Amino acid sequence: MEVSVAQKSILERLRKQTTEAIAEYDMLKPNDKVMVCVSGGKDSAVMLVLLEEIRKRAPFPFTLHPVLLDQKQPGFSVDAFREWVKTQGYDLTVVEEDTYSIVLEKTEVGKSYCGLCSRLRRGILYNYAEKMGYQKIALGHHRDDLNTTLLMNLFFNGRTASMPPKLKSNDGRNIVIRPLAFLDEDDVRVASEELKVPIIPCSLCGSNGNMQRARVKKLLKTLELEFPHVGSSVLNAQKNVRASQLLDKNLWAFDKLEDLNFSETSEDSFQMP
Ligand code: SF4
């Protein structure tokens, strides 16, 4: 597909940030077969384009395999999106599983469908990746997703955790990567508009979504309007954890401090043996 100068500049910037994240977290290895999970949304569509640009320039070979899960929400149509994927040089694989009926049946009235919907989607895609022999599963979560998850865990779950850029699934079968981990959602939105992605709305399911997540995301966005560096600061904080300045006894041996010699090192950089 022909790209304009404006498209080129934003895509180049996002490609560089994505390349940095891939390199920093060792996301790809030679000859990896990468399942690129596309949902029909802006984030994963932009991820496909960026990964293809990176693949063309990469010092080692790897392949990309865009896969979309049709969960049978009413009115879900993949045709326009499939055509767009074709313009990017790829054939889209559509896996069909009716999780929509399960979610309707199992979710209490008035509750959000999203938790169960996401768990079912994850299980189906992980199984498919294993069946097809894909070494990596690429998900389109960006910096705002990571930051929102961190704050959600702080505010509502009592733990300090986010979405890691590279993760082995609990059962050890799959490696998940998040190549967009450093990207600002607003930039991704602009890129998807430039690329004219025919978005399939997530709201077809009729769920209200996760209200707490929406609230926390709005809080972050409001802060960023006043302090534009909040997003990158919250991301950097996740790379820069000071165990000695938190309260986790599993990370820092508070009971052994009397026996340790701090004279050779500062409290900030000291690593507990
Ligand atoms: S909005 Fe609908 S399709 Fe999207 S995760 Fe929630 S339940 Fe699933």
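Source: prediction; values computed, not measured.

A. Looking closely at the site of the ligand. Near the ligand, the surroundings consist of Gln73, Tyr113, Cys114, Cys117, Arg121, Cys202, Cys205 and Ser207. Residues that form the shell around the ligand fall into these classes: five nonpolar, two polar and one charged.

B. Focus on unusual backbone geometry. Positive phi outside glycine occurs at aspartate 26, with the angle close to 55 degrees. By the element assignment, aspartate 26 lies in the loop between helix 1 (5–24) and strand 1 (33–37). For aspartate 26, a relative accessible area of 40% puts it in the partly exposed group. Notably, lysine 196 is not glycine yet its phi reads approximately 55 degrees, a positive angle. Residue lysine 196 is classed as exposed on the basis of its relative accessible area of 66%.

C. Focus on the packing of aromatic side chains. Following the criterion strictly, the structure yields five aromatic pairs and no others. On the basis of an interplanar angle of 75 degrees and a centroid distance of 6.2 Å, the ring pair of tyrosine 25 and phenylalanine 182 is categorised as edge-to-face. Here the residue tyrosine 25 occupies a position in the loop between helix 1 and strand 1, and phenylalanine 182 occupies one in the loop between strand 6 (175–177) and helix 7 (185–194), the gap between them amounting to 157 residues. On the basis of relative accessible area, tyrosine 25 is assigned to the partly exposed category, the value being 27%.

D. Focus on the packing of helix 8 (residues 211–226) against helix 9 (residues 230–239). Running from amino to carboxyl end, helix 8 crosses helix 9 at an angle of 120 degrees, the nearest separation of the two axes being 8 Å. Taken together, the axis directions place helix 8 and helix 9 in an arrangement best described as oblique. In contact with Leu220, Leu223 and Glu224 of helix 8, helix 9 contributes Val230, Gly231 and Val234. Here the residues of the contact of helix 8 with helix 9 sort into four nonpolar, one polar and one charged.

E. Region of interest: helix 9. Burial in helix 9 covers these residues: Val230, Gly231, Val234 and Leu235. Buried positions in helix 9, seen along its axis, are confined to an arc of 140 degrees and lie on one side of it. The inward-facing, buried residues of helix 9 contact helix 6 (143–157) and helix 8.

F. Focus on the sheet that holds strand 1. Taken together, the six strands give an open sheet; going across it, the order is 3-2-1-4-6-5, and neighbouring strands pair in mixed fashion. Because the sheet does not close on itself, it has two edges, and the strands there are strand 3 (93–96) and strand 5 (166–168). For this sheet the average axis-to-axis angle between neighbouring strands, irrespective of direction, equals 30 degrees. In terms of strand pairing, strand 5 meets strand 6 through three bridges, oriented antiparallel. Bridging across to strand 6, lysine 168 finds its partner in isoleucine 175.

G. Layout of the packing of helix 6 against helix 8. Where helix 6 meets helix 8, the axes come as close as 9 Å, and the angle between the chain directions of the two elements is 115 degrees. Of the two possible hands of crossing, helix 6 and helix 8 adopt the one that is right-handed. For the pair helix 6 and helix 8, the contacting residues are Arg143, Asp144, Asp145, Asn147, Thr148, Thr149, Leu151, Met152, Phe155 and Phe156 in the first and Gln212, Arg213, Val216, Lys217, Leu219, Leu220, Lys221 and Glu224 in the second. Within the contact of helix 6 with helix 8, the residues separate by chemical class into seven nonpolar, four polar and seven charged.

H. Examining the pairing of strand 2 (residues 63–70) more closely. Across the eight residues that make up strand 2, a large majority, six, are buried. Pairing of strand 1 with strand 2 involves five bridges; the strand directions are parallel. Bridge pairing links methionine 35 to histidine 65 in strand 2. You can see the chain leave strand 1, run along helix 2 (residues 42–57) and come back into strand 2, and the turn it takes is right-handed. Where strand 2 lies against strand 3, four bridges are found, and the strand directions are parallel. Its bridge partner being in strand 3, leucine 69 is matched across the sheet by valine 95. Of the crossover connections in this fold, the one passing from strand 2 over helix 3 (residues 79–87) to the parallel strand 3 is right-handed.

Calculation criteria
- Every chain begins its residue count from 1, and numbering advances along the sequence as written.
- Only residues with pLDDT of 70 or above have their local features reported here, since the model is predicted, and side-chain atom pairs are shown and tallied only from 80 upward, although totals for entire chains, interfaces and linings are computed over all residues.
- To obtain the side-chain values, all non-hydrogen atoms of the structure were included, while hydrogens and water were left out.
- We define proximity as follows: a residue is near a molecule or strand when any one of its heavy atoms falls within 4 Å of that partner.
- Under the grouping applied here, Gly and all other residues not named as nonpolar or charged are polar, the nonpolar ones being Ala, Val, Leu, Ile, Met, Phe, Trp, Tyr, Cys and Pro and the charged ones Asp, Glu, Lys and Arg.
- Starting at the N terminus, helices and strands are each numbered in turn, a helix being any DSSP run of H or I of at least four residues and a strand any DSSP run of E of at least two.
- Remark: exposure states derive from per-residue accessible area (1.4 Å probe, protein chains only) relative to the maximum for the residue type, with buried under 20%, exposed over 50%, and partly exposed in between.
- Put simply, two rings from Phe, Tyr or Trp (the six-membered ring, in Trp's case) pair if the centres are within 6.5 Å, and we call them stacked under 30 degrees between planes, edge-to-face over 60, tilted for the rest.
- To get an axis, fit a line to the C-alpha atoms, keeping to the stretch in contact for a helix; angles then go from 0 to 180 degrees between the N-to-C directions.
- Each angle receives one of four descriptions, namely roughly parallel if under 35 degrees, roughly antiparallel if over 145, roughly perpendicular if within 65 to 115, and oblique otherwise.
- Any two residues having at least one pair of non-hydrogen atoms within 4.5 Å are treated as being in contact.
- Directions drawn from the helix axis to the C-beta atoms are what define this arc.
- If DSSP finds at least two bridges between two strands, the strands pair.
- Left-handed describes a crossing in which the near helix is turned anticlockwise from the far one by less than a right angle; the clockwise case is right-handed.
- Looking down the strands as they point away from you, a crossover is right-handed if its path from the first strand over the helix to the second goes clockwise.

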